[in-house]
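Listed below, chain by chain, are the residues.
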Amino acid sequence: MIEIAFGKLSLPKDGVVALPVGEDQDLTGEAAALDASLGGALTQAMTAAEFKGKAGQSLNLYGIGPFRRVLLAGAGKPETLRQAETLGGTIAAALAKEAEAVIIAGGYTSGQVAAIALGARLRAYRFNKYRTAEKPEDKPKLKKLKLLASLPKEAESEWKTAAAVAEGVEFTRGLVTEPANVLYPAEFAERLEGLKKLGLKIEVFDRKDLEKLGFGSLLAVAQGSAREPRMAVLQWLGASGQEDGKKEGRKPKDPLVFVGKGVTFDSGGISLKPAAGMEDMKWDMAGAGTVAGLMAALAGRKARIDAVGLVGLVENMPSGSATRPGDVVKSYSGKTIEILNTDAEGRLVLADVLYYAQQRFSPKYMVDLATLTGAIIVGLGHEYAGLFSNHDELAAKLAEAGEAVGEKLWRMPLAKPGEAYDKELDSAIADVKNIGGGRAAGSVTAAQFLQRFVNGVPWAHLDIAGMAWAAKDGELTPKGATAFGVRLLDLFARGFES
Ligand code: BES
Ligand code: MN
Ligand code: ZN
């Protein structure tokens, strides 16, 4: 994790300097002064290298003037904060092997400067816990980035908010990256307890508690595993200022409620998955990981809002005690479910947690996140998460927030009860079955199943199976766990702050 600092605009005397360059080699203020002090060497180099300052372009100059290295970073025409974040990401990636660097960020608003810092911080994330023998020359070294700005104090105060979000993202990425032998339901819940210091209220339900509540659907998934299940409830009561939230006994009022699928490993159960790629199923808890990081972000930046996060934590394993295809269980809602495929387990977990969430908290809006179906990857690839909703306004707000932070959502159809997609789930012997008739529209029938456990509250389901983990580096996400959804839902929540 890199340390971010701010300082007054001035020309550094030596070291490594990153210089954002606007479209058409546009050098402003201090950057132009720097070029002049180097006898126009920067302009000359840009022209010789046909460097135009387009977003994503970069040009390295070594041993120039008093500087060991000057990085000219294409900024394009940064109109949105997202573009400023991308610029920060580009700089962090290019300078990964430097210990520290200065970014000359003259000509940017304080919000843009903080966005550059956020982009750099997110892009520089790395999970190092299990590396013990990496060669020094292969190690990323970037520890400290100093941004020189016209209003450093203002930029720093904007950064405080952004840093809380960055910490939320990093918390999520850490959870999602952990292997399943380390991160099982009890360990996940244990790590949530660490968020209490941010002022979050945390409750953890163990197997006995869930049995008492009657979570027959979630427990059916857990019963084949040696690891016991958990459900955790995280409350942030910030709507009327944090002091009020700390008062014992205040209940969340019209909260935003977020629900996450937390399958710490999905082997498929008795409907066992093929061996190839099964290791990916350690990140089948990404929905829950995202809810956890989101709640950390909201608490960390003291959002003036009431929000509740709920995560259903289980491991899906085959064994002598595992659920069999054909078993019928009773869910917390009272509905009976015929489990025809034990690999369609995420929806079984969510059915109980969604029902509990709406019954206990009467959400203003309820949003769930889940790596729910392989079919959403077939449909949308790794560009968009699937968005399913019973409420057009909610869907529009989410899509808009996603667009702004670059975590894009594509709306998918959701039918009303009794319509064709929904009827796919009618069971011959129980109230509902956990898979549709065939492979067709697998992501839609999964969403339809969830809707059967949503009691008319405004609700959206985000199928993030294609977005939670990246095979290659992105602008703000090194390959691996992306924490897709944390920033999207943080921005969405800002729309409700008092
Ligand atoms: N966790 C998987 C979905 C998944 C697949 C996530 C690939 C990320 C990458 C989910 O539990 C699952 O197994 N879904 C089945 C549903 C089917 C049995 C109806 C699927 O998508 O094949
Ligand atoms: Mn599965
Ligand atoms: Zn799964």
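Our subject in this report is the structure included herewith. What you see is a predicted model, and the numbers here were worked out from it, not measured in a lab.

On the surface, K97, K139, K141 and K143 cluster together into a patch of positive charge. Looking at the element boundaries, K139 is found in the loop between α4 (110-123) and β6 (144-149). Taking relative accessible area as the criterion, K139 reaches 39% and is therefore assigned partly exposed.

Within the protein, the atoms that donate to the zinc ion (ligand 3) are K261 (NZ), D266 (OD), D284 (OD) and E345 (OE), at distances of 2.0 to 2.4 Å. With 6 donor atoms in place around the zinc ion (ligand 3) and angles of 78 to 174 degrees between them, the coordination shape is octahedral. Mapped onto the sequence, the residues coordinating the zinc ion (ligand 3) show the spacing K-x4-D-x17-D-x60-E. In this structure the manganese ion (ligand 2) is found 3.2 Å away from the zinc ion (ligand 3), and D266 serves as a bridging donor for the pair. Of the two residues, D266 is situated in strand β9 (residues 256-266) and E345 in the loop between β12 (336-339) and α11 (346-361); the sequence distance between them amounts to 79 residues. The buried category is assigned to D266, whose relative accessible area is 3%.

Overall, mixed pairing links the 8 strands, which are arranged β7-β8-β10-β9-β13-β17-β14-β15 in an open sheet. Two strands in the sheet have a free side with no partner beyond their single neighbour: β7 (201-205) and β15 (409-411). Put simply, the sheet's adjacent strands are angled 20 degrees from each other on average, direction ignored. Pairing analysis gives 5 bridges linking β9 to strand β13 (residues 365-370), with the strands arranged parallel. Residue pairing for β13: F258 is matched across the bridge by V367. Along the sheet, α11 makes contact with β7, β8 (230-237), β9, β10 (306-316), β13 and β17 (459-463), crossing β9 at roughly 155 degrees. Sheet contacts for helix α16 (residues 486-494): β9, β13 and β15; angle to β9, the most-contacted strand, approximately 170 degrees.

Pairing analysis gives 4 bridges linking strand β11 (residues 327-330) to β12, with the strands arranged antiparallel. Its bridge partner lying in β12, V329 is registered against I337. Between β11 and β12, which follow one another and run antiparallel, lie 5 residues, and G334 among them has a positive phi close to 100 degrees. Summarising the sheet, β12 and strand β16 (residues 432-433) pair through 2 bridges and their orientation is parallel. Residue pairing in the sheet places I337 in a bridge with V432 of β16.

Let's shift gears to the coordination of the manganese ion (ligand 2). Coordination of the manganese ion (ligand 2) by the protein comes from D266 (OD), D343 (O), D343 (OD) and E345 (OE), over a distance range of 2.1 to 2.2 Å. Around the manganese ion (ligand 2) sit 6 donor atoms, and with donor-metal-donor angles ranging over 72 to 166 degrees the site reads as irregular. Each donor residue of the manganese ion (ligand 2) belongs to the same chain, and together they define the spacing D-x76-D-x1-E. On the basis of relative accessibility, which here comes to 22%, the residue D343 falls in the partly exposed class. Residue classification places E345 among the buried residues on the basis of a relative accessible area of 1%.

Criteria and thresholds
- Residues numbered from 1 in each chain as written.
- Chains lettered and ligands numbered in written order.
- Predicted model: local features only at pLDDT ≥ 70, side-chain atom pairs only at ≥ 80, totals over all residues.
- Heavy atoms only, no water.
- Patch = residues over 30% accessible without salt bridge, like charges linked within 9 Å, V, L, I, M, F, W, Y side chains within 5 Å.
- Areas by Shrake-Rupley, 256 points an atom, 1.4 Å probe, with all protein chains shown as cover.
- Salt bridge = Lys/Arg side-chain N within 4 Å of Asp/Glu carboxyl O.
- Lys, Arg positive; Asp, Glu negative; His and termini not counted.
- Charge placed at Lys NZ, Arg CZ, Asp CG, Glu CD.
- Helix = DSSP H or I, 4+ residues; strand = E, 2+ residues; numbered from the N terminus.
- Buried < 20%, exposed > 50% of the residue type's maximum accessible area, 1.4 Å probe, protein only.
- Donors = N, O, S within 2.8 Å, 3.2 Å for Na, K, Ca; no water.
- Tetrahedral: all angles 85-135°; square planar, octahedral: opposite > 155°, others 65-115°.
- Pairing = 2+ DSSP bridges.
- Axes fitted to C-alpha atoms, helices over the stretch in contact; angles between N-to-C directions.
- Contact = heavy atoms within 4.5 Å.

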